[in-house]
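# A look at the structure
The chain contents come next:
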Amino acid sequence: MASRRPRKAGEMKRIIIAGVGFAGISALKHLGEFTGTSPEFEVMVFDKNDYTTMIPSLPDVAAKRVGQNLPRADIGGLLPRRVLFKNEEITKIDFDAQSISVGSNDYGYDYLLLSAGSITNFFGFNQHLSSIFVLDSLTEALKIKEAFGGYLSNRESPTLIISGAGFAGIEIACFLNEYAKANSKTIKVILVEKTARVLGNLPAAVGGYVKSLTSDLGFDVVVNSSVISFNGTDVTLETGEVFEDVFFVWTSGTKRAIEDISGGFISLPDGRMRVNEFLQVSGYENVFAAGDCAAIKSGDAYLRKAVAFSVSSGATAGKNIVRSLNNTPLKRFRPVDLGWVIPMYPSSIGKLLGVPVRGRLGLGLHYLTCGYRTHDLESLRGYLALGLRNMIGAG
Ligand SMILES: Cc1cc2nc3c(=O)[nH]c(=O)nc-3n(C[C@H](O)[C@H](O)[C@H](O)COP(=O)(O)OP(=O)(O)OC[C@H]3O[C@@H](n4cnc5c(N)ncnc54)[C@H](O)[C@@H]3O)c2cc1C
């Protein structure tokens, strides 16, 4: 384990939280309760935005189903007492030096929680990236919202190409297709998937159901293939097929949001940090990771990236930092999987508490869950209304 940074007499112990999303906020609740009454500790939280986002609602924003305020809550209103918020982007972390960097400024820490989530992974693809749309933040969802309507209205035969048939790709395909229909436009939708089937990380039966649903919608799903070139307007697939003048969305994969981290840790190919049962990053007892940037083993596999696991791992990491400060034994993280729902507007597929859910019911439950997870009263009202409207088929 790494040695602690040298401390001057009387200096406070500093805890830094890197990223105020689901995991970061959850950790803050527990940390804030403790440090708010303990003047010998200071908590600094960093986020590149001054708001936190209900990421599962990004397809709704992109397809103009909800306004941009519904999925966002100001970070300032969520902070416990005596927590210092820095609205800055962390550019570098050095575990051995126990410091994070924001441009040319360095901040030392005694404990660090990595909770910066994940961003789009282009896997080295670098052709005309500024003309490719992604779906990993509110800003990016708004770019789709701004551009898609104009694209549709100026084209005789619009074509939507989605690279990646995981849940994000399928969701955005369904939402944008419905948007086109609502605007009396027919759009050709092509989902391109490198592996042999859609939703490869879920049971084969789920992939089969989704494939039949997307084929009912008229989508083409091209498996075992990928986009090999893009000239800014036309896409060429590995199969040799060329699609001209497309609206191109890339959802093929994600990677750790803060890439430049030095230290002797172990990470998965997507950059997630291997953590132990207490959520400490391997090799560093004062560094914890939670949410999308943590590789958390559950049985033989790693937990999927999901809101529920981000919230619960953030809570355990926050509590374990408090236990470390108190020199009390750490508690193991025990994830509970209540299930999942993939909104495929106007339908859905999912399994909650072991019970399959489909259609409008699943969609309604998805919005109710967003309401349950939001931090803003107006957003709570909005999601409840959406959930109920969808359940009765009026969404
Ligand atoms: C389109 C889409 C739909 C999804 N739908 C669902 C769903 O229906 N259900 C579900 O369970 N999961 C869903 N997920 C996955 C889920 O959103 C993530 O697992 C979850 O958001 C991860 O939480 P987190 O706290 O790790 O990160 P986030 O919630 O992403 O928070 C990370 C925070 O870190 C900040 N940050 C990032 N980089 C930096 C930096 N360098 N410096 C400072 N701050 C930084 C960000 O601004 C952000 O506030 C979806 C994901 C996507 C992309």
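The structure we're discussing is the one just above.
We now turn to the structure provided with this report. Quick caveat: nothing in here was measured; it's all calculated off a predicted structure. (Residues numbered from 1 in each chain as written. Predicted model: local features only at pLDDT ≥ 70, side-chain atom pairs only at ≥ 80, totals over all residues. Heavy atoms only, no water.)

### Points about the side chain of Thr236
By the secondary structure assignment, Thr236 is in strand E15 (residues 235-237). Those residues in contact with Thr236, other than ones at most four positions away along the chain, are Ser226, Val227, Ile228, Ser229, Glu241 and Val242. (Helix = DSSP H or I, 4+ residues; strand = E, 2+ residues; numbered from the N terminus. Contact = heavy atoms within 4.5 Å.)

### Looking at helix H3 (residues 138-153)
The first and last C-alpha atoms of H3 sit 23 Å apart over 16 residues, in line with the 22 Å expected at 1.5 Å per residue. At Ala147, H3 shows its maximal kink, close to 25°. Those residues of H3 not exposed but buried are Leu138, Glu140, Ala141, Leu142, Ile144, Phe148, Gly149, Tyr151 and Leu152. Where the residues of H3 are buried, they touch strand E3 (51-53), helix H2 (58-62), strand E4 (72-74), strand E11 (159-163), helix H4 (167-182) and strand E17 (247-250). (Expected span 1.5 Å × (residues − 1). Bend = angle between axes of the 7 residues up to and from the residue. Buried < 20%, exposed > 50% of the residue type's maximum accessible area, 1.4 Å probe, protein only.)

### A look at the site of the ligand
Residues in close proximity to the ligand total 29 residues, the closest being Ala23, Asp47, Ile90, Asp292 and Val307. A distance of 3.4 Å separates an oxygen atom of the ligand from a polar side-chain atom of Asn49. Within the backbone of Ile90, one N or O atom sits 2.9 Å away from a nitrogen atom of the ligand. When the free accessible area of the ligand is taken as 1,000 Å², the share hidden by the protein chains comes to 89%. (Near = heavy atom within 4 Å. Polar contact = N/O pair within 3.5 Å; in protein donor to acceptor, adjacent residues only side chain to side chain. Areas by Shrake-Rupley, 256 points an atom, 1.4 Å probe, with all protein chains shown as cover.)

### Some remarks on the sheet that holds strand E16 (residues 242-243)
Within a sheet, each strand pairs with its neighbour through backbone hydrogen bonds, oriented either parallel or antiparallel. Overall, antiparallel pairing links the 3 strands, which are arranged E14-E15-E16 in an open sheet. Both outer strands of the open sheet, strand E14 (227-230) and E16, are each paired with one neighbouring strand and no more. Sheet topology places E14 next to E15; 3 bridges connect them, and they run antiparallel. Across the sheet, Val227 pairs through a bridge with Leu237, a residue of E15. (Pairing = 2+ DSSP bridges.)

### Focus: H4
Here H4 is 16 residues long and its end C-alpha atoms lie 23 Å apart, about the 22 Å a rise of 1.5 Å per residue gives. In terms of burial, H4 is largely enclosed, as 12 of its 16 residues are buried. Buried residues of H4: Gly169, Ile170, Glu171, Ile172, Ala173, Cys174, Phe175, Leu176, Asn177, Glu178, Tyr179 and Ala180, and no others. Phi turns positive, to about 55°, at Ser184, one or two residues after H4.

### Some details on the pattern of salt bridges
Per the stated rule, a full pass over the model turns up 12 salt bridges. Asp270 is the partner of Arg272 in a salt bridge, and the nearest nitrogen-oxygen pair spans 2.9 Å. Here the two residues Arg272 and Asp270 agree in accessibility, since each one is buried. (Salt bridge = Lys/Arg side-chain N within 4 Å of Asp/Glu carboxyl O.)

### So, the packing of aromatic side chains
A ring pair, where both rings are aromatic, is described by two values, the distance of the centres and the angle of the planes. On inspection of all chains with the given rule, the structure shows 14 aromatic pairs. Considering the side-chain rings of Phe122 and Trp250, the 5.2 Å spacing of their centres and the 40° angle between planes classify their relative orientation as tilted. Remark: Trp250 occurs in strand E17 and Phe122 occurs in the loop between strand E10 (118-120) and H3; sequence separation between them is 128 residues. This pair shows no difference in class: Phe122 is buried, exactly as Trp250 is. Seen in terms of ring centroids, Phe148 and Tyr151 are 6.5 Å apart; in terms of plane orientation they differ by 25°. Their pairing is stacked. (Phe/Tyr/Trp six-rings, centres within 6.5 Å; stacked < 30°, edge-to-face > 60°.)

### Here we look at the sheet that holds strand E25 (residues 339-344)
The antiparallel open sheet is built from 3 strands, whose spatial order is E25-E26-E27. This sheet does not close on itself; its edge strands, each paired only once, are E25 and strand E27 (355-358). If you compare each strand with its neighbour and ignore which way they point, the axes differ by 5° on average. In this sheet, strand E26 (residues 347-352) lies alongside E25 in antiparallel orientation, the contact comprising 6 bridges. Within E26, the residue paired with Ile342 across the bridge is Ile349. On top of the sheet, helix H5 (residues 204-216) reaches E25, E26 and E27; it is set at about 170° to E26, its chief contact. (Axes fitted to C-alpha atoms, helices over the stretch in contact; angles between N-to-C directions.)

### Let's talk about unusual backbone geometry
Geometrically, the link from Tyr345 to Pro346 is a cis peptide bond, its omega value of 5° lying close to zero. Along the chain, Pro346 falls in the loop between E25 and E26. Positive phi values are uncommon outside glycine, yet Ser184 reaches one of about 55°. With respect to the helices and strands, the residue Ser184 is situated in the loop between H4 and strand E12 (188-192). What makes Ser184 exposed here is its relative accessible area of 70%. Of note, Asp245 is a non-glycine position whose phi angle comes to about 50°, a positive value. Overall, Asp245 belongs to the partly exposed group, its relative accessible area being 29%.

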